[in-house]
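Residue-level structure breakdown
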Amino acid sequence: MEPFILRALAAGLGLAVVAAPLGCFVVWNRMAYFGETIAQAGLIGIALGLAFKLDLTLAVLGVAILTAGLLIVLAKQKLLPLDSILGIVAHAALALGVIATALVKGPAIDLAGYLFGDILAVTADDLWWVYVGGVCVLVALWWIWQPLLALAVHEELATAEGVDRERIRAIFVLLLAVTVAIAMKVIGILPFVAFLIRPAAAARVFARTPEQMAALAAGIAAAGVILGLLLSFRVDVPGGPAIVLVLATMALGALGMAGGRRQGG
């Protein structure tokens, strides 16, 4: 098997394991738009990295963290609902990123490659980011797992029992920002939220406990990576969108099975 295929597979499987438990909390807390806003801001990081010749992963990571911090601050205001704030910031970030990349001087920029990823172009350095960064994300998530889960189950009760809601959610949002930077080369900026949510949505149908849902989501995401890469090779289509399409099919299939069981019951 060609080395680039092995790197693509290793990157996709590593990201699947990292994104799955995060995706579960995104689903439980209805934070899909939160993750999308941070992901779209990553395009600004790409523009800055290209303009100042910085490591693109570090540039995206920096912008994603700054965006996460901005969202944490804006979430505290009471003038507008949070979803309205996220809508404003998400579309503004994407527009600013597209304009900024267009203004970068030099060779033509493959904007589609950054937006949708190029998993077959993953390098050994990218794998380091996926696995070292992924381990850091998983360790931090394990550390806040119980309080974060308590907030997802019953926010008021968890707060009454002493859970620092602001601190725990701030850490979680920062973990999302780190994962955006890791996922940029593998799955792309725009499909990232789909990759995050769809395995969790499919796993929710079958899981009975939060831990079981996270494990099932990781397995579903890994299967989606493998099947998506096979589809990419067979049909000659981009790997990232192929993976997302497979995961969408799996999530819809799981929901269809759940609906069938309810009707049958």
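Before going into details, it helps to say that this report is about the structure given with it. Along each chain, numbering runs from 1 in the same order as the chain's sequence is written. Residues qualify for local features only when their pLDDT is at least 70, as the model is predicted, and side-chain atom pairs are given and counted only at 80 or more; totals for whole chains, interfaces and linings, by contrast, use all residues. Each side-chain value is worked out from all heavy atoms of the structure, with water and hydrogens disregarded.

Check the secondary structure of the chain and you find 11 helices and zero strands. Working definition: helices are DSSP H or I runs of at least four residues, strands are E runs of at least two. Numbering for both runs from the N terminus. Listing the helices and strands of the chain from first to last along the sequence gives α-α-α-α-α-α-α-α-α-α-α. Here the globule rule is a power law, 2.2 Å times the number of residues to the power 0.38, and the radius of gyration is based on C-alpha atoms. Here the chain has a C-alpha radius of gyration of 18 Å; the compact-globule value for 265 residues is 18 Å, and the two agree. Dimensions of the chain, computed from the C-alpha atoms along their principal axes, are close to 55 × 45 × 30 Å. Accessibility here uses a 1.4 Å probe with only protein chains present; expressed as a share of the type maximum, an area under 20% marks a residue as buried, one over 50% as exposed, and anything in between as partly exposed. Expressed as a percentage of its 265 residues, the buried residues of the chain come to 48%. Two residues qualify as a contact provided that any one of their heavy atoms is within 4.5 Å of a heavy atom in the partner residue. A separation of at least 24 residues holds for 77% of the contacts in the chain among residues at least 6 apart in sequence. For the chain, the exposed area adds up to about 13,100 Å²; of that, 68% sits on carbon and sulfur atoms. Distance between charge centres in the chain, computed from 16 positive and 15 negative side chains, equals 5 Å. Only the protein chains shown count as cover for residues, and all accessible areas are computed by the Shrake-Rupley method using a 1.4 Å probe. For this count, His and the chain ends are skipped, Lys and Arg are scored as positive, and Asp and Glu as negative. Note that the charge is assigned to NZ on lysines, CZ on arginines, CG on aspartates and CD on glutamates.

Here we come to the pattern of salt bridges. Side-chain pairs of opposite charge can arise where the charged atoms are in close proximity. The salt bridge criterion pairs a side-chain nitrogen of Lys or Arg with a carboxyl oxygen of Asp or Glu, the two atoms within 4 Å. This structure, assessed with the given rule, holds four salt bridges. When the shortest N-O distance is used, the salt bridge between Glu155 and Arg169 registers 3.0 Å. Here Glu155, found in helix α7 (residues 155-160), pairs with Arg169, found in helix α8 (residues 165-183); they are 14 residues apart in sequence, far enough to count as distant. You can call Arg169 partly exposed: its relative accessible area is 25%. A salt bridge links Asp164 to Arg167, with the shortest nitrogen-to-oxygen separation between them at 3.8 Å. Exposure remark for Asp164: the relative accessible area of 38% places this residue in the partly exposed category.

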